Amino acid sequence: MISTNDLKNGTVLDLDGQLWTVVWFQHHKPGKGNTVVRTKLKHVLSGKVVDRTFNSDTKIADAQVDRRDMQYLYFDGSNWVFMDTQDYDQLTLDENVVGDAKNYLLEEQIVTVALHEGNPLYIDLPPSVELEITYTEPGLQGDRSTGGTKPATVQTGLQIQVPLFITTGEKVKVDTRTGEYLGRIGG
């Protein structure tokens, strides 16, 4: 059990037998009354996000989550296969667990997999990854000075918006939380 005053982003809670991850929280002191903690909670399995308010200092059951570094090995057509970097055991994850992380996974990449009672819950990615542009329309002379963007496909199949001067074959940095272009690597 933890106090609502100790909540942090990423904390996994067990509410009525369901697992929820804290996405956002804020301590709020209204003009009258006691302090409350406002939260946005994401259901671990369905991805549904709900707003929930707790009284300050309320005790909530937290779920014991084991976070393990795992190396992404390959995609077999329907599942993603990972290897535990400590004991070399392999773990196969389906679409429900991998979710949007599939858009940023590269073979041999190390990610953190969250497990609850041995069952995989979700994948924690680094804040950004470097991906290669596999296709984008060529830019025109003078495009370097404009602020426009164009669609580009990266090696994982994800489509992002990039500046007009980016060309096929370049490596770019992409934010794994928003899918936004962050910058060009090298060049």
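The notes below deal with the structure included here. Since this is a predicted model, take the numbers as computed values, not measurements.

**Overview of the pairing of strand β13 (residues 149-154)**
Residues K150, A152 and V154 line the buried face of β13, whereas the alternating positions T149, P151 and T153 sit on a face that is not buried. The pairing of strand β12 (residues 128-136) with β13 spans 3 bridges and is classified as antiparallel. Within β13, the residue paired with I133 across the bridge is V154. In this sheet, strand β14 (residues 159-163) lies alongside β13 in antiparallel orientation, the contact comprising 5 bridges. Its bridge partner lying in β14, A152 is registered against I160. Linking two consecutive strands that pair antiparallel, namely β13 and β14, is a turn of 4 residues; a positive phi of about 100° is found at G157 within it.

**Focus: the side chain of D84**
Considering the arrangement of structural elements, one finds D84 in strand β8 (residues 80-84). Using a relative accessible area of 3% as the deciding quantity, one classes D84 as buried. In terms of polar contacts, D84 uses its side chain to reach the side chain of R68, at 3.3 Å. Beyond its immediate stretch of four places on either side in the chain, D84 contacts R68, D69, M70 and D89.

**A word on the nonpolar core**
If you look at the biggest cluster of nonpolar residues, it comprises 14 residues, and the most contacted ones within it are F82, L93, V98, L105, V113 and I123. The greatest single-element share of this core, amounting to 3 residues, is contributed by strand β10 (residues 110-116). Among residues more than four places away in sequence, those in contact with L93 are N79, W80, F82, V98, V113, P120 and I123. Counting 12 residues, the second-largest nonpolar core is a separate cluster that includes V129, I133, V154 and I166.

How each quantity is defined
- Residues numbered from 1 in each chain as written.
- Predicted model: local features only at pLDDT ≥ 70, side-chain atom pairs only at ≥ 80, totals over all residues.
- Heavy atoms only, no water.
- Buried < 20%, exposed > 50% of the residue type's maximum accessible area, 1.4 Å probe, protein only.
- Helix = DSSP H or I, 4+ residues; strand = E, 2+ residues; numbered from the N terminus.
- Pairing = 2+ DSSP bridges.
- Polar contact = N/O pair within 3.5 Å; in protein donor to acceptor, adjacent residues only side chain to side chain.
- Contact = heavy atoms within 4.5 Å.
- Core = buried A, V, L, I, M, F, W, Y, C linked by side-chain atoms within 4.5 Å.

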